[in-house]
Amino acid sequence: MLGAARGQPAPVTGTRPLALVSGGSSGIGFELAAQLAQRGHDVAISGQGDRVDEAAERLREHGVAAHPHQGDAGTYEGVESFWTFVTDLGRPVEVACLNVGIGLGGAFADSDLAEHLRVVAVNVAGLVHLAKRVTDAMLAQGRGRILVTSSISATTPTPYETVYGPSKAFGFAFAESLREEVRHAGLTVTALLPGATDSEFHHRAGMGDTQYGDNTWKNDRTLVARQGIDALFAGDDQVVGGDEATRQQAADNRATPETVKAARHAEGARPSGELSRG
Ligand SMILES: NC(=O)c1ccc[n+]([C@@H]2O[C@H](COP(=O)([O-])OP(=O)(O)OC[C@H]3O[C@@H](n4cnc5c(N)ncnc54)[C@H](OP(=O)(O)O)[C@@H]3O)[C@@H](O)[C@H]2O)c1
């Protein structure tokens, strides 16, 4: 649902709080930005391709200002240029959704080292980089809210997504760690752990020939984003994103041996051409 200002030019007054969302041009990130826009925030969003401009156009239909930035979150220059773009707006960042992330399916042995290192560059190095800029700025202003998009993959080994799952486990532990450091300084840090969610994510990860290639059974990205933003404003440390079955899965994972979870995850993530090795 769009607000009353639908179809009208966005009033760019600069009086609304400013939020940034990395990877805000599609999927969960776009919905996070839409949730924040609906709650009266101007938004700065990043994406790798030029559709970030069209995404900003859609966000302006909520009657807020939306600032698109195109850059590669897997490079130092790309992350730094997004942060410079945001600070050049000349306003404090009240909310930061560190959301951008990429996946990579397939057997570890069968994929290129460069692809694995790119997952680390975007999901780990890029996260640390933007988090450092955001945290320093929020500490200086004495307030701010940070949301880190991790994954339910943080609660299980992820064979056939061998580097992806651990990269999201990094994000989860990082969020919980940073939270403890800054909670007395007026900042909150919240980890969002979505279950499988309907977006382009798994196709882009080369997982179209697995159970994850089918979007019909996955969680609704609008629901996941709403749960994330609700938890952000509640100041919660973490929230599982998705339906009741997804929340139950996360709870079960915490009580299940790693070897059992690994075998279970392999069933869903193994490419159709790959034989089970038992
Ligand atoms: N979908 C799921 O099942 C699921 C489950 C758990 C966690 N997550 C996490 O949720 C987050 C968002 O995923 P999603 O499902 O929304 O994926 P998505 O639909 O593929 O969207 C990814 C977003 O990140 C941007 N992006 C990708 N690579 C980039 C790069 N190198 N530089 C700058 N921007 C880049 C994309 O922009 P362009 O389109 O311009 O490239 C897009 O805005 C990720 O951190 C992911 O790990 C997803």
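Just above, that's the structure.
Residues numbered from 1 in each chain as written. Predicted model: local features only at pLDDT ≥ 70, side-chain atom pairs only at ≥ 80, totals over all residues. Heavy atoms only, no water.

A. Local environment of the site of the ligand. Around the ligand lies a shell of 33 residues, among which Ser-25, Arg-51, Tyr-164, Ser-199 and Arg-204 are the nearest. At 2.6 Å from an oxygen atom of the ligand is found a side-chain nitrogen or oxygen belonging to Ser-199. Glu-200 is positioned with one of its backbone polar atoms (N or O) 3.5 Å from an oxygen atom of the ligand. Relative to its unbound accessible surface of 890 Å², the ligand loses 97% to contact with the protein. Ranked by residues supplied to the shell around the ligand, first place goes to helix H6 (residues 201-204) with 3 residues. Looking at the shell around the ligand residue by residue, the class counts come to 9 nonpolar, 18 polar and 6 charged. (Near = heavy atom within 4 Å. Polar contact = N/O pair within 3.5 Å; in protein donor to acceptor, adjacent residues only side chain to side chain. Areas by Shrake-Rupley, 256 points an atom, 1.4 Å probe, with all protein chains shown as cover. Helix = DSSP H or I, 4+ residues; strand = E, 2+ residues; numbered from the N terminus. Nonpolar A, V, L, I, M, F, W, Y, C, P; charged D, E, K, R; others polar.)

B. Here's a closer look at helix H9 (residues 258-269). Taking 1.5 Å per residue as the helical rise, H9 with its 12 residues ought to reach 16 Å, and the 16 Å between its terminal C-alpha atoms agrees with that figure. Taken together, the buried positions of H9 are Lys-261, His-265, Ala-266, Gly-268 and Ala-269. Summarising the axial view, the buried residues of H9 lie within an arc of 165°, below the 170-degree limit, and thus occupy one face. Next to the buried residues of H9 lie helix H8 (244-253). (Expected span 1.5 Å × (residues − 1). Buried < 20%, exposed > 50% of the residue type's maximum accessible area, 1.4 Å probe, protein only. Arc of directions from axis to C-beta. Contact = heavy atoms within 4.5 Å.)

C. Structural detail: the pairing of strand S1 (residues 18-21). Residues Leu-18 and Leu-20 point to one face of S1 and Ala-19 and Val-21 to the other, with burial holding for every one of them. Relative to strand S2 (residues 42-47), S1 runs parallel, the two sharing 4 bridges. In the strand pairing of S2, Ala-19 is matched with Val-43. At this point the chain moves from S1, through helix H1 (residues 27-38), to the parallel S2, and the crossover so formed is right-handed. Of the pairings in the sheet, the one linking S1 to strand S4 (residues 93-98) comprises 4 bridges and is parallel in character. By the bridge assignment for S4, Leu-18 is matched with Val-93. (Pairing = 2+ DSSP bridges. Right-handed = clockwise from strand over helix to strand, strands pointing away.)

D. Quick look at unusual backbone geometry. Even without being a glycine, Tyr-160 presents a positive backbone phi close to 70°. Relative to the elements of secondary structure, Tyr-160 occurs in the loop between strand S5 (144-149) and helix H5 (164-182).

E. Quick look at the packing of helix H3 (residues 76-87) against helix H4 (residues 113-141). Put simply, H3 and H4 touch, their axes get as near as 9 Å, and they point 25° apart. In terms of axis orientation, H3 runs roughly parallel to H4. Note that H3 runs across H4; the crossing there is right-handed. Across the interface between the two elements, Tyr-76, Val-79, Glu-80, Phe-82 and Trp-83 of H3 pack against Gly-126, His-129, Leu-130, Arg-133, Val-134 and Ala-137 of H4. Broken down by class, the residue content of the contact of H3 with H4 amounts to 7 nonpolar, 2 polar and 2 charged. (Axes fitted to C-alpha atoms, helices over the stretch in contact; angles between N-to-C directions. Parallel < 35°, antiparallel > 145°, perpendicular 65-115°, else oblique. Left-handed = near helix turned anticlockwise from the far one by under 90°.)

Nothing here speaks to function; it is geometry throughout.
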